[in-house]
Amino acid sequence: MALYNVIGTMSGTSLDGLDIAYCRFEFSENKWAFKINEAITVDFPNNLKEKLKRAINMSGLDLMKLDNQLGDFIGQSITDFITKNNIDQTEIDCISSHGHTIFHQPELKLTTQIGNGANISAITKLPVICDFRTSDVALGGQGAPLVPIGDQLLFSEYDICINLGGIANISFDQNSERIAFDICPVNIVLNKLAQELGFEYDKGGKIAESGKININLLEQLNRVNYYQKSHPKSLGIESIENEVFPIINTSTDSIANKLCTFIEHIAIQLANNVKGEGKVILLSGGGTFNTYLVQRIKKNTAQKIIIPSTQIIDFKEALIFAFLGVLRLRNENNCLKSVTGASQDNIGGCIYQVF
């Protein structure tokens, strides 16, 4: 039996905060088991959040400064988390940090996640594993999604795993291989529309539910070029800004109607990728708190939808990034070519230990 205690962090594209999860993993009789001991979401300070929103358009120098600033913030947040929860630091094997994605253009062999791992290690005095995507992209892969190996090894009782974050992604087994890809934008779009009305997000989907579906807008959204591509494929903020937002911004309809229409769009795209009947789907991510969105997903598919505990909804990605760190420590593949399209399975993650 092997035991690992790892702190995983996740900062998603929807900028709803830094997820931190202290997790325990046990490997016994060729099976993995896990427990999330403690977890928290730390809000970004307004100054940092605004910089992350603008990061894609920053100069190289300013982006490197932001890389350091975010690394310092992650490191200090983890230190505070350890202190607050009276965690014995000597029992922690490593910190496994996703960072925050700024650029993702795998066709150019380009992916960038900031949040300097050396800074995190210097502050926490712990080994830090980060930069999980670069090796896969160098091998011709998408570098995304990375969660599927965790879905496969930690959540094998479900036929399909779907995460509703800034972007929706799906993961399932097919012909003895794990298949996964990004489906469509979710909270990146929904939150931005809600913010135009002065709200951080549309709580429970109430604004969307008050609106009406704009059929013309819905048809345009469903024709976005990305949906015609076969997997492996992944979505970056660049393609969403280039292909999705122009369609939404061109419409003169009300925000409520746009929200209602985009939720229907999400539900249709998810249904298009889970055809058939009798499959059990684990739905996680912040989008599961959008009651109206979940209602429309259930309406559009014949599958059985399972909503897990709030802890799993909130921290599944942080949990799985902690697990990717465990696999890195064990020198085992944590990125699958069947998912990303890389030339081979690979071991992603750079290790910083600067103390």
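Residues numbered from 1 in each chain as written. Predicted model: local features only at pLDDT ≥ 70, side-chain atom pairs only at ≥ 80, totals over all residues. Heavy atoms only, no water.

A. Local environment of the nonpolar core. Residues Ile162, Leu164 and Leu270 are the most contacted members of the largest nonpolar core, which totals 46 residues. The greatest single-element share of this core, amounting to nine residues, is contributed by helix H10 (residues 255-272). Leaving out residues up to four positions away in the same chain, leucine 164 has contacts with Val186, Asn187, Leu270, Leu283, Ser284, Gly285, Gly286, Gly287, Thr288, Leu293 and Ile297. Counting residues in hydrophobic clusters, the runner-up holds 35 residues, among them Val6, Val147, Leu282 and Phe323. (Core = buried A, V, L, I, M, F, W, Y, C linked by side-chain atoms within 4.5 Å. Buried < 20%, exposed > 50% of the residue type's maximum accessible area, 1.4 Å probe, protein only. Helix = DSSP H or I, 4+ residues; strand = E, 2+ residues; numbered from the N terminus. Contact = heavy atoms within 4.5 Å.)

B. Layout of the sheet that holds strand S8 (residues 160-164). Strand order in the open sheet made by the five strands is S10-S9-S8-S11-S12, with mixed pairing throughout. Whereas interior strands pair on both sides, the edge strands pair on one side only; in this sheet they are strand S10 (177-185) and strand S12 (304-306). The sheet shows a mean angle of 20 degrees between the axes of neighbouring strands, direction not considered. Here strand S9 (residues 167-174) pairs with S10 via eight bridges, running antiparallel. Residue pairing for S10: serine 171 is matched across the bridge by alanine 180. In the packing of H10 onto the sheet, the strands contacted are S8, S9 and S10, and the crossing angle to S10 comes to about 165 degrees. Helix H12 (residues 310-329) rests against S8 and strand S11 (280-284) of the sheet, and its axis sits at about 80 degrees to S11. (Pairing = 2+ DSSP bridges. Axes fitted to C-alpha atoms, helices over the stretch in contact; angles between N-to-C directions.)

C. Here's a closer look at the environment of isoleucine 179. In this structure, isoleucine 179 sits in strand S10. By relative accessible area, isoleucine 179 is classed as buried at 4%. The sequence separation of isoleucine 179 and phenylalanine 73 amounts to 106 residues, and the corresponding C-alpha distance is 34 Å. Not counting the four nearest positions on each side in its chain, isoleucine 179 is found in contact with Ile170, Ser171, Phe172, Gln174, His231, Ser338 and Val339.

D. Structural view of the packing of aromatic side chains. Tallied over the entire structure, the rule returns nine aromatic pairs. Consider the rings of phenylalanine 34 and phenylalanine 155, whose centres lie 5.4 Å apart with planes at 50 degrees: the pair is tilted. Of this pair, phenylalanine 34 sits in strand S3 (residues 31-42) while phenylalanine 155 sits in the loop between helix H5 (148-154) and S8, placing them 121 residues apart in sequence. Taking the centre distance of 6.5 Å and the plane angle of 85 degrees together, the rings of phenylalanine 172 and phenylalanine 181 count as edge-to-face. Of the two residues examined, phenylalanine 172 and phenylalanine 181, each falls in the buried class. An aromatic cluster of three or more residues is present, and its members are Tyr4, Phe25, Phe27, Trp32 and Phe323. In this arrangement the basic side chain of lysine 316 is found over the ring face of phenylalanine 155, its NZ or CZ atom lying 5.3 Å from the centre. Directly above the ring of phenylalanine 27 sits arginine 330, whose terminal nitrogen or CZ lies 4.8 Å from the centroid. (Phe/Tyr/Trp six-rings, centres within 6.5 Å; stacked < 30°, edge-to-face > 60°. Lys NZ or Arg CZ within 6 Å of the ring centre and 35° of its normal.)

E. Geometry of the environment of asparagine 37. Take asparagine 37: it is sitting in strand S3. Classification of asparagine 37 as partly exposed rests on a relative accessible area of 25%. Residues asparagine 37 and cysteine 23, 14 residues apart in the sequence, show an inter-C-alpha distance of 5.6 Å. When sequence neighbours within four positions are dropped, the list of residues in contact with asparagine 37 reads Tyr22, Cys23 and Arg24.

F. Quick look at the packing of helix H1 (residues 46-54) against helix H2 (residues 60-84). Following both chains from N to C, one finds H1 and H2 inclined at 135 degrees, their axes separated by 11 Å at the closest point. On the basis of their axis angle, the class for H1 and H2 is oblique. The hand of the H1/H2 crossing is left-handed. Each of Asn47, Leu48, Lys51 and Leu52 in H1 lies in contact with H2, whose residues at this interface are Leu66, Gln69, Leu70 and Phe73. In terms of residue class, the contact of H1 with H2 is made up of five nonpolar, two polar and one charged. (Parallel < 35°, antiparallel > 145°, perpendicular 65-115°, else oblique. Left-handed = near helix turned anticlockwise from the far one by under 90°. Nonpolar A, V, L, I, M, F, W, Y, C, P; charged D, E, K, R; others polar.)

G. Local environment of helix H9 (residues 237-250). An ideal rise of 1.5 Å per residue puts 20 Å on 14 residues; H9 measures up with 19 Å between its terminal C-alpha atoms. If you look at H9, its biggest bend is around 35 degrees, right at valine 244, and the proline proline 246 turns up within four residues after that. Those residues of H9 that fall on the buried side of the exposure criterion are Glu238, Ile240, Val244, Phe245, Ile247 and Ile248. (Expected span 1.5 Å × (residues − 1). Bend = angle between axes of the 7 residues up to and from the residue.)

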